[in-house]
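# Structural overview for review
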Amino acid sequence: MRSLIWRLFRAELRRGELTIVAAAIVLAVSSVWLFTSITDRMEQAIFNKSGDFIAADRVVRSAHPVDLPLSSQAEKLRLDYAEQLLFPSMVYGNEKLVLASVKAVSAQYPLKGSLRISKHKTEADTYLAKGITSGEAWLAERLFYQLNVDVGDRIEIGEGEFVISGRIVNEPDAPFSVFMTAPRVIISINDVASTDVVQPGSRLAYRYMFAGDKPALAELENWVTPLLADNQRLVNVSSGSSPLAGALQKAQQFLLLAGLIGILLASAAIAVASRLYCQRHYDTVAMFKVLGASKQQIRSIYLGHLFIVVLFSIVIGVALAFIIQWPVVNYVQSLLNISLPSAGTSPYLMAVGSGLICGLAFTLPTLIQLFDIAPMRVIRRNSDDGVVNPLWGAMWMLLSVFALLLLYSGSLKLSLILLGVGVLAVAALLVLSQLLLWLGKKRAANLKNLSLKIAISSLYKRAKQNRVQLIGFTVAIKLALVVWVIQQDLISEWQQQLPEGAPNHFMYNISEQQKPLLVERFAAENVELTDMFPMLRGRLVAINGDSVSQQREGEYSEKDSSRRRGAGRELNLSSVANLPYRNQLLEGQWFTEQSQRQASVEQDFAERLDIKLNDTLAFMVGSTQIEVNVSSIRSVDWNTMQPNFYILLSQDILQQFPTGYLTSFNLPQDKSAWIAETMGRFPTLVLINVKALIDQLSQVVDQVSLALRLVLIVVLLASSLVLYAQVQSSLEERRQQTVILRTLGASAKLLRNAIIYEFVILGLLAGFIAASAAQTILLLLQVMVFDIGASVNWGLWLLGPVIGTLLVSVMGAGATLRLLKQNSAQLVRNLN
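Residues numbered from 1 in each chain as written. Predicted model: local features only at pLDDT ≥ 70, side-chain atom pairs only at ≥ 80, totals over all residues. Heavy atoms only, no water.

## Remarks on the side chain of Lys 112
Checked against the element boundaries, Lys 112 lands in the loop between β3 (96-105) and β4 (116-118). Overall, Lys 112 belongs to the buried group, its relative accessible area being 15%. Here Asp 57 takes part through its side chain, which lies 3.0 Å from a polar atom of the side chain of Lys 112. (Helix = DSSP H or I, 4+ residues; strand = E, 2+ residues; numbered from the N terminus. Buried < 20%, exposed > 50% of the residue type's maximum accessible area, 1.4 Å probe, protein only. Polar contact = N/O pair within 3.5 Å; in protein donor to acceptor, adjacent residues only side chain to side chain.)

Dropping the structure here:
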């Protein structure tokens with residue numbers, strides 16, 4: 001039996017169907033390995049690099065000391081460990097007092113990222129620092145002007161005295177908040193006791209920092225998370241709603257979606273090729289049974305073939321991917337100037353698992369039905385129409401596709417979107433194709449073009465087979481279009497949130513009198529200021545008359561508080577005439593000139609505090625309480641690096657109070673000395689430099705864009721396989737039709753034109769449905785996954801039909817027209 005299996009297997013390889021199955025499995029395995037390896041490694045490299053922005057890989061945050069053996073646990077897991085304590089305090093120097101944010105750090109700080117210090121007040125020279133010597137202090141640039149001090153001078157913090165030994169140029173875990181009014185002072189954590197500032201009731205923020213290998217960090221996370229109290233949490237760079245966290249989460253979604261599409265296309269090619277393989281063996285199985293072969297023997301032969309194909313394809317796919325990854329990795333590393341970590345075992349497990357699922361789940365349904373073919377088929381070709389149940393096979397493959405999507409993505413939402421839209425597209429395709437074929441047949445009798453008449457007649461005659469072909473064509477074109485649009489448009493839209501010349505500095509605490517002076521000074525240096533936003537600090541004290549908790553979010557515990565949850569801190573309130581950039585109105589009406597005592601609330605903030613439209617909010621501004629009515633709820637894109645606010649008020653309210661202003665600008669590198677001089681002239685201003693964060697966001701976008709270009713190549717290969725497999729599936733029947741028409745005297749030109757017309761019609765229909773399905777998928781992804789706002793890509797409606805017509809007609813006609821080069825005798829000899 002093994003010898004028979006092997007001889008038949010070699011014969012089958014020459015026919016082509018098993019070759020397509022093998023090629024599709026190889027593509028699926030190699031693409032999964034490459035996707036998992038490259039994207040995981042790029043993601044890990046991005047996160048490693050992004051860890052610089054919290055100065056560690058993981059940080060335990062708490063409002064009070066954590067009573068856990070964190071240091072010993074870090075040593076046990078071989079993790080780097082550092083501590084810091086943040087607290088507000090008055091800083092005294094040169095007979096002046098300024099409120100500052102003091103950061104007390106251990107000698108190991110920072111674990112990741114660059115802490116750059118300058119030994120001079122204004123010069124650009126810097127050095128990389130680690131920890132700080134006891135008795136010394138590093139000051140933010142603004143403090144030098146506010147206190148009128150220089151390096152080498154002394155300052156006092158509480159009861160402690162410190163020598164200024166440097167200026168803070170870059171702080172890796174500086175909070176991104178354009179409203180952070182208190183400038184930074186860094187001292188040693190060993191000097192905190194000498195200041196005598198930390199007392200019971202003090203507002204403190206403890207940070208316990210860890211850095212190291214991923215497995216050790218995962219073990220730390222599993223150990224510490226259950227032990228943390230309600231007001232303590234473990235965070236990484238992707239935690240929270242910062243622009244960087246949002247960018248990293250969106251990068252993961254882009255890469256994951258692209259990988260899923262590549263696997264789906266390879267699976268479609270396997271399903272089409274296996275169906276063709278089984279169809280071609282109906283007569284063979286019937287003949288085997290007539291000659292006395294048992295069902296068990298037939299099962300052994302074909303399952304043996306499948307086992308050989310799947311096994312060798314998985315081995316070849318992994319080997320091919322392993323070879324290809326070297327130039328790809330080198331290219332990525334050189335282009336993006338990053339170092340990719342090792343792949344690990346995960347890509348191998350994912351690749352082998354995906355190969356087995358694709359190789360078995362998409363071939364066994366049709367193969368199992370093959371074993372039930374009756375010997376009577378030798379006499380009656382349609383005797384097994386009831387045995388072969390395409391609906392059962394389709395349902396099995398549908399479940400397999402969903403399992404594969406869920407296994408690879410881990411996202412139920414993404415899996416349902418891809419699968420649900422695909423099913424709807426197939427249903428629409430079946431209805432539309434049947435309608436068009438019926439209308440075409442009605443009008444075909446009046447056509448004068450004989451080739452077109454033959455093409456329409458052929459389409460109607462093979463309606464069942466053509467519907468299956470159309471499904472394969474549509475799936476291939478649809479998924480290729482989705483990846484193309486993601487790579488071209490969605491990434492571009494993401495990049496437009498950080499355009500060239502985007503503001504990289506924010507300036508806050510601008511008084512009414514300083515506005516014209518600053519505008520004039522910036523205009524003289526050709527530095528453009530954006531709009532100035534009026535600013536008002538207010539604390540939310542009541543919602544609909546119910547007082548709210550004033551605890552900070554990290555300190556809040558529902559079981560310890562009977563009050564309704566509040567913001568826990570003073571909010572920055574502003575007012576604008578028009579809806580801000582990338583803000584979208586979800587409920588209610590925007591302000592008008594007649595609006596009085598109204599407020600617009602950001603969606604997430606409203607959900608967290610259970611604020612509804614028309615609710616009444618009470619704010620305490622200084623010693624004055626104001627009440628406003630919620631007139632609208634809006635969404636905010638926090639990744640745009642533009643000023644955004646939880647609460648916007650109608651303009652009548654801010655006119656009652658003295659306000660400061662916020663603006664932003666893009667500062668060229670050669671203007672550092674000028675901005676330092678400006679800050680010296682206006683020492684009350686707050687300047688926030690976010691250039692490093694913008695550079696990091698741009699690098700994340702570039703890395704994802706490159707990964708998608710690599711994915712697009714694989715998707716195009718997989719699409720070509722699906723199209724080729726679909727064409728091969730109808731080749732035998734077309735050969736029979738060609739024999740009949742050639743025997744009846746049809747010319748080669750007539751048949752060639754008929755074949756081209758037929759594939760043009762199929763491609764046009766598949767391209768139109770594919771464009772519709774792709775647009776639907778993209779709209780759902782924009783709104784439900786990427787959160788970038790829905791937009792219609794009108795180019796898809798042109799690109800889909802054009803690509804469908806060109807690809808299907810060129811590939812289909814190219815594979816079929818070679819039949820016309822054979823004479824009738826050769827065609828008859830090649831018939832099964």
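## Thoughts on the packing of helix α16 (residues 514-524) against helix α19 (residues 672-681)
Helix-helix packing is characterised by the crossing angle of the two axes and by the distance between the axes. Relative to each other, α16 and α19 sit at 165°, their axes nearing to 12 Å. One way to sum up the angle between α16 and α19 is to call them roughly antiparallel. Relative to α19, α16 is oriented so that their crossing is right-handed. Within the contact between the two elements, α16 uses Leu 518, Arg 521 and Phe 522 and α19 uses Trp 674, Ile 675, Glu 677, Thr 678 and Arg 681. (Axes fitted to C-alpha atoms, helices over the stretch in contact; angles between N-to-C directions. Parallel < 35°, antiparallel > 145°, perpendicular 65-115°, else oblique. Left-handed = near helix turned anticlockwise from the far one by under 90°. Contact = heavy atoms within 4.5 Å.)

## Let's talk about α19
Of all the residues in α19, the buried ones are Trp 674, Ile 675, Ala 676, Thr 678 and Met 679. Lining the buried residues of α19 we find α4 (141-147), β12 (505-510), α16, β21 (660-665) and β22 (686-689).

## Here we look at helix α10 (residues 346-361)
An ideal rise of 1.5 Å per residue puts 22 Å on 16 residues; α10 measures up with 22 Å between its terminal C-alpha atoms. Along α10, the residues classified as buried are Pro 347, Ala 351, Ser 354, Gly 355, Cys 358, Gly 359 and Ala 361. (Expected span 1.5 Å × (residues − 1).)

## Digging into the nonpolar core
Judged by nonpolar contacts, the single largest core of 67 residues is most densely connected at Ile 25, Ile 270, Tyr 302, Phe 362, Leu 367, Leu 370 and Leu 762. Per-element tally for this core: the top contributor is helix α22 (residues 748-786), with twelve residues. (Core = buried A, V, L, I, M, F, W, Y, C linked by side-chain atoms within 4.5 Å.)

## Things to note about the pattern of salt bridges
Summed over the entire model, instances satisfying the criterion amount to ten salt bridges. When the shortest N-O distance is used, the salt bridge between Lys 112 and Asp 57 registers 3.0 Å. Here Lys 112, found in the loop between β3 and β4, pairs with Asp 57, found in the loop between α2 (17-50) and β1 (58-62); they are 55 residues apart in sequence, far enough to count as distant. Between Asp 610 and Lys 612 there is a salt bridge, with its nearest N and O atoms 3.5 Å apart. In this structure Asp 610 comes out as partly exposed when scored by relative accessible area, which is 43%. A single network of salt bridges, built from pairs that share partners, joins Lys 103, Glu 171, Asp 173 and Arg 184. (Salt bridge = Lys/Arg side-chain N within 4 Å of Asp/Glu carboxyl O.)

## A few points about a nonpolar patch on the surface
Taken together, the side chains of Phe 307, Leu 311, Phe 312, Val 315 and Ile 316 present a nonpolar region at the surface, about 520 Å² in accessible area. Considering the arrangement of structural elements, one finds Val 315 in helix α9 (residues 295-336). Residue classification places Val 315 among the exposed residues on the basis of a relative accessible area of 51%. (Patch = residues over 30% accessible without salt bridge, like charges linked within 9 Å, V, L, I, M, F, W, Y side chains within 5 Å. Areas by Shrake-Rupley, 256 points an atom, 1.4 Å probe, with all protein chains shown as cover.)

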